[in-house]
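Listed below are the residues making up each chain.
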Amino acid sequence: MDAVMTQTFTSTSPSLHAVSAGTRAALDGFFRSFGFSAPEDLSRLADWALDTRPGVEPHEALVLARVRMEGWLMAVLGPALVGGQGSPLARGRAAFVLSDGARWGARAVTQGLGALSLEQVRVLRDAVPVPAPRPMPTTMPEQQVVLSPLRELLRRFGWRAVGTPDVSVSR
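Rules of the game
Residues numbered from 1 in each chain as written. Predicted model: local features only at pLDDT ≥ 70, side-chain atom pairs only at ≥ 80, totals over all residues. Heavy atoms only, no water. pLDDT = per-residue confidence, 0-100. Contact = heavy atoms within 4.5 Å. Helix = DSSP H or I, 4+ residues; strand = E, 2+ residues; numbered from the N terminus. Buried < 20%, exposed > 50% of the residue type's maximum accessible area, 1.4 Å probe, protein only. Lys, Arg positive; Asp, Glu negative; His and termini not counted. Salt bridge = Lys/Arg side-chain N within 4 Å of Asp/Glu carboxyl O. Patch = residues over 30% accessible without salt bridge, like charges linked within 9 Å, V, L, I, M, F, W, Y side chains within 5 Å. Areas by Shrake-Rupley, 256 points an atom, 1.4 Å probe, with all protein chains shown as cover.

A word on the confidence of the model for the protein chain. Confidence in the prediction of the protein chain, expressed as mean pLDDT, is 79, and 78% of residues score 70 or more. Note on residues 1-16: pLDDT under 50 across the span, and 20 contacts to partners over four residues away in sequence or across chains.

What follows is the structure, given as structure tokens:
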């Protein structure tokens, strides 16, 4: 039987539960992808994501964190900006990182919409990336291939046979 790491972490904010090392590492990695790096921010976000659920496995913790963060992003950015093409979490994360939202601290996320000023909401909304149109298969226009460079040179200088159609070559 493998030894399981049983070290637990408690946040600097009052926490109602202890989190296993694997769960905490998974949550820290998730929230670091949003730009958070301060230990107190990571602890606050982990508590917020788990929402008093004790003994959560890392995979389940990540699912909870994604759901919470996606809900927060949808509320802040609105369904018109993060809905549509692509993952709302991916577009919201891009907007959050592009606007350097982590500088506002974890309180901006954990305390809901009231923690953000109108300017912060505007900055986040302006940073949402615009989706590119999906690639569509099309037919390539027919290309003129010059097999004889000498003949092309002579044609350019006007030495061509009578009855040869004039073809413009764009370069």
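Another aspect to go through is the side chain of aspartate 41. With respect to the helices and strands, aspartate 41 occurs in helix 2 (residues 39-50). No salt bridge is formed by the buried aspartate 41; its nearest oppositely charged neighbour, arginine 44, is found at 5.8 Å. The contacts of aspartate 41, once residues within four sequence positions are left out, are Phe36, Gly105 and Ala106.

Attention now moves to a nonpolar patch on the surface. A grouping of Leu150, Leu153, Leu154 and Phe157 is seen on the molecular surface, where their side chains present a nonpolar patch of about 400 Å² in accessible area. Structurally, the position occupied by leucine 154 is in helix 8 (residues 149-156).

What follows deals with the pattern of salt bridges. Inspection of the entire model under this criterion finds four salt bridges. With its nearest N and O atoms 3.9 Å apart, the salt bridge here joins aspartate 100 to arginine 103. Taking the relative accessible area as the measure of exposure, aspartate 100 reaches 41% and is therefore partly exposed. A salt bridge links aspartate 126 to arginine 122, with the shortest nitrogen-to-oxygen separation between them at 2.6 Å.

So, about unusual backbone geometry. The backbone phi angle of aspartate 100 is positive, close to 55 degrees, even though this residue is not glycine. Residue position: aspartate 100 is located in the loop between helix 5 (88-98) and helix 6 (107-110).

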